[in-house]
Amino acid sequence: MPETKRANIEIQKLKNALAYAEAIIDAIHEPLVVLRPDLRIRTANDAFYKTFHVNPEETEEKLIYELADGQLNFPQIKLFFQKNLGNKISFKDFEIKYHFKKVGRKTLLLNARKLLMEGEKEQMILLVIEDITDKRRYQEQIEKEKNMLAENQRLQEISRQKDDFISMASHELKTPVTSIKAFAQLLEHDYSISGNSEAAQMLARMNKQIVKLTSLIGDLLDVPKMEGGKLQYHLDYFDFNEMVGDIVREMQMVTKFHYIKVQLVKVPKVYGDRDRVGQVLTNLLSNAIKYSPNTKDIEVSSWRNLDNVCVSVKDHGIGISKHKQAKIFDRFFRENGLTENTYPGLGLGLYIASEILKRHEGSISVTSKKGFGSTFYFTMPIRLHHGKRAKIEAC
């Protein structure tokens with residue numbers, strides 16, 4: 001075979017091998033570049049051009065630091081070439097973070113290997129650049145969520161310990177307070193009979209404070225039970241209007257200054273826990289009295305809406321600021337303005353009321369304007385038999 005023909009065959013083989021190698025390189029998804037020993041770019045694949053928004057004409061034979069207005073000219077990549085790859089054949093998984101002008105903030109993983117290509121006198125550097133920005137962001141998000149989960153678990157444990165402590169302390173307080181109340185009532189009765197009206201009045205005032213304390217202790221006991229699903233409900237049919245009348249009479253005896261006006265519509269018996277629903281109304285009336293120190297009228301009304309009985313408790317007191325109205329049913333939430341600080345309470349009553357109504361498939365809401373009073377509304381479904389709701393047309 002003539003030497004010329006043999007040479008042409010070898011050249012063709014080399015061209016085919018080069019085309020094959022270039023096809024493999026271009027098929028790689030990660031940016032890949034071949035560098036000369038002086039870090040000038042000999043060639044790169046399509047992924048490299050797309051990632052750094054450059055083309056072959058402005059890339060080949062340029063220093064990698066000069067590429068695309070110096071996008072890769074920063075200390076971390078210089079360290080990679082000068083220190084890490086200086087005396088080594090290869091280096092794996094060198095991570096860098098940098099804000100590139102054209103492509104934004106990226107996290108890149110560099111892998112490099114020195115190789116001697118056929119026909120070349122000096123070793124070339126094969127550099128693969130893997131964009132792991134999304135991967136690192138995902139890992140950071142997972143780590144963040146793990147930390148949040150651990151923090152939530154820690155807070156839940158603290159909350160559980162707090163609830164356990166409150167429940168235990170409240171339970172221990174309940175027995176002596178009950179005894180004190182009984183003794184105070186006996187003493188009040190004895191002094192009234194003996195004609196010592198001044199002592200009887202003092203004991204009557206003490207009894208009122210004991211009743212308030214008993215109510216606070218009851219609230220503290222209810223909250224952990226409610227959140228643990230252990231609060232007991234005694235469900236049965238009861239006369240709703242009779243319950244409202246009883247509660248109003250009890251609350252009217254608590255205050256001599258206020259007048260509670262009642263306007264009720266006739267409704268069938270409702271199914272629920274009479275005492276717990278009464279607790280809701282008691283709380284609303286107690287708040288109406290407490291937060292209306294300078295106005296006398298309090299109005300309790302009821303009406304029917306489809307298969308619900310609806311009740312409103314309206315006062316003309318200090319009102320609630322608009323941005324706080326959505327929070328007043330949260331546990332331990334209380335108004336904290338200068339005026340409101342004069343009113344005692346734990347901020348549990350409305351929270352407990354809302355939870356009781358949820359258990360009855362009812363709801364509670366409020367409309368109010370600061371300085372012009374508040375109206376609280378609550379609804380309960382009417383059931384005739386076997387838990388089915390009554391079908392009542394809207395008024």
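Quick caveat, the model's predicted, so the values are computed rather than measured.

**Describing the confidence of the model for the chain**
In low-pLDDT regions, the fine details of the predicted coordinates are not to be read closely.
And then number 1: Confidence in the prediction of the chain, expressed as mean pLDDT, is 78, and 73% of residues score 70 or more.
And then number 2: Low pLDDT (under 50) marks residues 14–18, which in the prediction has one contact with non-local residues, meaning those over four places away or in another chain.
And then number 3: Note that residues 336–342 has pLDDT below 50 and, in this model, six contacts with residues that lie over four places away or in other chains.

**Looking at the pattern of salt bridges**
And then number 1: Within the structure shown, the criterion is met by nine salt bridges.
And then number 2: With a closest N to O distance of 2.7 Å, Arg136 and Glu95 form a salt bridge. Taken together, the residues span a long stretch of sequence, with Arg136 in helix H5 (residues 133–194) and Glu95 in strand E3 (residues 90–100) at a distance of 41 residues.
And then number 3: Given the relative accessible area of 22%, Arg136 is considered partly exposed.
And then number 4: Of the residues examined, Glu95 reaches a relative accessible area of 31% and is grouped as partly exposed.
And then number 5: Here Glu355 makes a salt bridge to Lys358, at a shortest N to O gap of 3.3 Å. Taken as a pair, Glu355 and Lys358 lie in helix H9 (residues 349–359) at a separation of three residues, close to a single helical turn.
And then number 6: On the basis of relative accessible area, Lys358 is assigned to the exposed category, the value being 55%.

**Description of the packing of helix H8 (residues 274–290) against H9**
And then number 1: At a minimum axis distance of 9 Å, the contact between H8 and H9 shows a crossing angle of 150°. Considering the relative orientation of H8 and H9, their crossing is left-handed. Side by side, H8 and H9 meet where Arg276, Val277, Gln279, Val280, Asn283, Leu284 and Asn287 of the first sit next to Gly349, Leu350, Ile352, Ala353, Ile356 and Leu357 of the second.
And then number 2: Residues of the contact of H8 with H9, tallied by class, amount to eight nonpolar, four polar and one charged.

**Points about the side chain of Asn283**
And then number 1: Following the sequence through the fold, Asn283 ends up in helix H8.
And then number 2: Using a relative accessible area of 16% as the deciding quantity, one classes Asn283 as buried.
And then number 3: Once residues lying within four places of it in the same chain are set aside, the contact partners of Asn283 are Gly349 and Leu350.

Basis of the calculations
Residues numbered from 1 in each chain as written. Predicted model: local features only at pLDDT ≥ 70, side-chain atom pairs only at ≥ 80, totals over all residues. Heavy atoms only, no water. pLDDT = per-residue confidence, 0-100. Contact = heavy atoms within 4.5 Å. Salt bridge = Lys/Arg side-chain N within 4 Å of Asp/Glu carboxyl O. Helix = DSSP H or I, 4+ residues; strand = E, 2+ residues; numbered from the N terminus. Buried < 20%, exposed > 50% of the residue type's maximum accessible area, 1.4 Å probe, protein only. Axes fitted to C-alpha atoms, helices over the stretch in contact; angles between N-to-C directions. Left-handed = near helix turned anticlockwise from the far one by under 90°. Nonpolar A, V, L, I, M, F, W, Y, C, P; charged D, E, K, R; others polar.

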